[in-house]
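Below are the chains, spelled out letter by letter.
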Amino acid sequence: MLRRQDVGHRVVVRRIVGSRGGRTLFSDSLGELVALSETELTIATAAGTVRVPLDEVHRAKRVPPTRRPTAADMIASELAANEAWPAPIQESQGGWLLRAAGGWTGRANSALPIGDPDRPLPAAVDAVEAWYRAHGLPPRMNVPLPLAAPVNAELDARGWETAPLVLFQTAQVAAILEAAPERHDLPAVRRRERISDAWLAVTAARKGTPPPVARQILTAVPETAFLEVYGDDGTPVAITRATVTGNGEWLGISLLDVLPEHRRRGLGSHLVRAAAQWGQEVGARRAFLQVEEQNTAAVALYGRLGFGTHHTYLTRTAAS
């Protein structure tokens, strides 16, 4: 049977799904074990997230990993992502990063446990809890898997809550441009170096009016482009933000949004291609984005553009 230390690793689970003619029927699931509770286990498979009650598990074991990024590459990509979404307050706890931004977005208000925290793991988590409470925020961590699987197991033991699994996806910039041919039948993408109120208004339609700290985070990266597609009324109907970080290596794509009445026209792909074109112009070779695994429409879009899952992470929050 699987144990908490198996979280973050590749596993195979044989599940009892019924019986026929006196014979027990089974179903197998192969993927990454992302959560294990007293009643069920959760696996991220190629077909999506699978939750299996423990009383239906016939057999389960860890299996050798497929080709995975090295720990160094995972750390480099996570640091590039942190640079692309920079919390105004950041402190180091050994190799861990503690980040705060007044509560706006989980990424900017969570610890990033990569590297050695310079103290035993339980003491490191205690220090994270104290730091966030001192800043008036709930203790929270973004836990990359499998890199920080021991941290995830410690948070399980403490009863921290778990948000939906997030896929950290990557692609070669050149591959994006090959996968998304230029569209001349769509409005041109406008690229700006400065954020506009009209650009923010598209984000506000889904996420609510952003606080002042949002503008600070969104504009803090020196290499940033705000991309827009305009509708017939002269206002943006689709947007995204692109950054280049990680010593110029990584193009980051975030806040891709298309107003509901303008979806299914290819505007999302249109914007990602424009972001990749800009990234290539300024020297980026690899691209990344972060998307919830349960957002199947977005995952499918990014898959068509050449993105694949580099690693995953869970956002964990201390129980109130």
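Basis of the calculations
Residues numbered from 1 in each chain as written. Predicted model: local features only at pLDDT ≥ 70, side-chain atom pairs only at ≥ 80, totals over all residues. Heavy atoms only, no water. Helix = DSSP H or I, 4+ residues; strand = E, 2+ residues; numbered from the N terminus. Buried < 20%, exposed > 50% of the residue type's maximum accessible area, 1.4 Å probe, protein only. Contact = heavy atoms within 4.5 Å. Areas by Shrake-Rupley, 256 points an atom, 1.4 Å probe, with all protein chains shown as cover. Lys, Arg positive; Asp, Glu negative; His and termini not counted. Charge placed at Lys NZ, Arg CZ, Asp CG, Glu CD. Salt bridge = Lys/Arg side-chain N within 4 Å of Asp/Glu carboxyl O. Pairing = 2+ DSSP bridges. Phe/Tyr/Trp six-rings, centres within 6.5 Å; stacked < 30°, edge-to-face > 60°.

Our next topic: the overall build of the chain. Across its full length, the chain carries 8 helices and 16 strands. In terms of overall dimensions, the chain has a C-alpha envelope of 65 × 55 × 35 Å along the principal axes. Taken across its 320 residues, the chain has 50% of its residues classed as buried. Considering only contacts in the chain between residues 6 or more positions apart, those separated by 24 or more positions represent 66%. Only carbon and sulfur atoms are counted for the fraction: they give 48% of the accessible area of the chain, which is about 15,300 Å². Counting 36 positive and 33 negative side-chain charges, the chain places the centres of these two groups 5 Å from one another.

Note that side chains of opposite charge can pair when their charged atoms are close. Per the stated rule, a full pass over the model turns up 14 salt bridges. Notably, a salt bridge pairs D73 with R286, separated by 3.1 Å at the nearest N-O pair. Of this pair, D73 sits in helix α1 (residues 71-84) while R286 sits in strand β15 (residues 286-292), and the two are 213 residues apart along the sequence. One connected set of salt bridges, linked through shared partners, spans D126, E129, R133, E154 and R158.

With that out of the way, let us pick up the environment of A76. Considering the arrangement of structural elements, one finds A76 in helix α1. Expressed as a C-alpha distance, the spacing of A76 and W250, which sit 174 residues apart in the sequence, is 9.6 Å.

What follows covers the pairing of strand β7 (residues 96-100). Among the 5 residues of β7, 5 are classified as buried, and the element is accordingly described as predominantly covered. Burial along β7 is two-sided: W96, L98 and A100 facing one way and L97 and R99 facing the other are all buried. Of the pairings in the sheet, the one linking strand β6 (residues 89-93) to β7 comprises 5 bridges and is antiparallel in character. Across the sheet, E91 pairs through a bridge with L98, a residue of β7. With antiparallel pairing between neighbouring strands as the criterion, β6 and β7 make up a hairpin whose turn holds 2 residues, including G94 at a positive phi of roughly 65 degrees.

What follows covers the packing of aromatic side chains. The tally for this structure, following the rule as stated, stands at 6 aromatic pairs. Taken together, a centroid distance of 4.7 Å and an interplanar angle of 75 degrees make the contact between W131 and Y132 edge-to-face. An identical accessibility class is assigned to W131 and Y132; each is buried. Three or more aromatic residues link up through ring pairs in this structure, and these residues are F168, W250 and F288.

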